[in-house]
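Overview (structure and organization)
Read off the chains here:
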Amino acid sequence: MDLPIVVGVDGSEPSMRAVDWAADEAALRGVALRLVYASLWERYEGVSLAQDLVKPSEQVMAEDIVRVAAERARLRQAGVKVSTDVLPEEPEYALVRESREAIAMVLGTRGRSGFVEMLLGSVSLTVASHAACPVIVLRGSHDNQVRAGRHGRVLLGVGEHGTDSAALRFAVQEARLRGATLDVVRAWRCPAHESTDHPLMAGEPARLHEQHAVEVLADALKDVPPDLEPRRRTLEGPVRQVLLAAAHEADLLVVGARRSPERFGLQLGRVAHGVLHHAPCPVAVVPERG
């Protein structure tokens, strides 16, 4: 059985935009959509209501939220099967557990403008750090133009371990679903201690680092189907800055995040963490083994 796309909803407009985006994604993939609201309302409501066999007020609100979200998803994509659930748990734990039985998870970001808009909520950050499936966090304009997009481009950042990458496979699939260009970027830098003022050596260290980036990119893309014809770019600069600049012309930015069962805490890495906070477009964080 195909796994569904899961959306975490809380009634906010960003989460409802996530429902729209995920409904379109589910239609493209031909899979079901699962809408989940999670909250520990018992902590705040107490036990007296439960003893009287009356639902806590937040549970009633949660059920209304998922009902409205489901109606919105069905109006947007009538052919997509939609299911809902209300879970009396901390949303971080509930959504991470849901990710084990999902093909992808979609989350909205809260924040109005300025610095607040740049910061990622704790729920989205925790889920992106620990989920077992790709997590797509909607950032930027949230225009929801899934099939065509404003730019017709899926952007992938390639690291040192680009070969056999789950992020690459995900980006290839997303580009194909959208009929979009796959834009693959590898950033490189020449360390300061390798620079030289000697006229015969000027530019040589930089050329070697750029050539290494070209080789890493070629190795990462060697198994990409030839009909996709990805656009390859090696750009000088810090990885996060390079990706953020390139993301202004993308409909989706895809990055990998290595997971290790021996490590605790957030498992994102500086690049994934940075683009989740600052990207001008939706970001897909894809878990990688190791």
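Everything that follows concerns the structure shown earlier in this document.
This write-up is about the structure you can find in this document. Just so we're clear, the structure is a prediction, and the values are computed from it rather than from any experiment. (Residues numbered from 1 in each chain as written. Predicted model: local features only at pLDDT ≥ 70, side-chain atom pairs only at ≥ 80, totals over all residues. Heavy atoms only, no water.)

Relative to the helices and strands, L155 is located in strand β6 (residues 153-157). Separated by 94 residues in the primary sequence, L155 and E249 have C-alpha atoms spaced 8.6 Å apart. Ignoring any residue separated from it by four or fewer positions in sequence, one finds L155 in contact with D183, V185, L243, A246, A247, A250, L252, L253 and V254. (Helix = DSSP H or I, 4+ residues; strand = E, 2+ residues; numbered from the N terminus. Contact = heavy atoms within 4.5 Å.)

A few words on the sheet that holds strand β1 (residues 5-8). Strand order across the open sheet formed by 10 strands is β3-β2-β1-β4-β5-β10-β9-β6-β7-β8, with mixed pairing between neighbours. Looking at strand neighbours, the two that pair on one side only are β3 (82-87) and β8 (231-236), the edges of this open sheet. Between one strand axis and the next, the sheet turns through 25° on average, direction left out of account. Those strands touched by helix α5 (residues 91-98) are β1, β2 (33-38), β3 and β4 (104-107), and its axis lies near 160° from that of β2. (Pairing = 2+ DSSP bridges. Axes fitted to C-alpha atoms, helices over the stretch in contact; angles between N-to-C directions.)

Glancing now at the packing of helix α10 (residues 239-246) against helix α11 (residues 270-278). Two numbers describe how α10 lies on α11: the axes approach to 9 Å, and their chain directions differ by 35°. Of the two elements, α10 crosses α11, and the hand of that crossing is right-handed. Residues V239, R240, L243 and L244 of α10 touch α11, and the partners they reach there are V271, G274, V275 and H278. Looking at side-chain class alone, the contact of α10 with α11 contains 5 nonpolar, 2 polar and 1 charged residues. (Left-handed = near helix turned anticlockwise from the far one by under 90°. Nonpolar A, V, L, I, M, F, W, Y, C, P; charged D, E, K, R; others polar.)

In this structure, V7, L33, V106, L156, L182 and V254 are the most contacted members of the largest nonpolar core, which totals 49 residues. Setting aside anything within four residues of it in sequence, one finds V254 in contact with V154, L155, L156, G157, A167, F170, A171, A284 and V286. Counting residues in each nonpolar core, the second largest holds 37 residues, with L87, A128, V137 and V185 among its members. (Core = buried A, V, L, I, M, F, W, Y, C linked by side-chain atoms within 4.5 Å. Buried < 20%, exposed > 50% of the residue type's maximum accessible area, 1.4 Å probe, protein only.)

What follows deals with helix α4 (residues 57-76). Structural remark: α-helix, 3.6 residues per turn; residues separated by three or four positions point the same way. Taking 1.5 Å per residue, 20 residues should reach 28 Å; α4 reaches 29 Å between its end C-alpha atoms and fits that length. Buried within α4 are the following residues: E58, Q59, A62, I65, V66, A69, A70 and A73. Buried positions in α4, seen along its axis, are confined to an arc of 130° and lie on one side of it. (Expected span 1.5 Å × (residues − 1). Arc of directions from axis to C-beta.)

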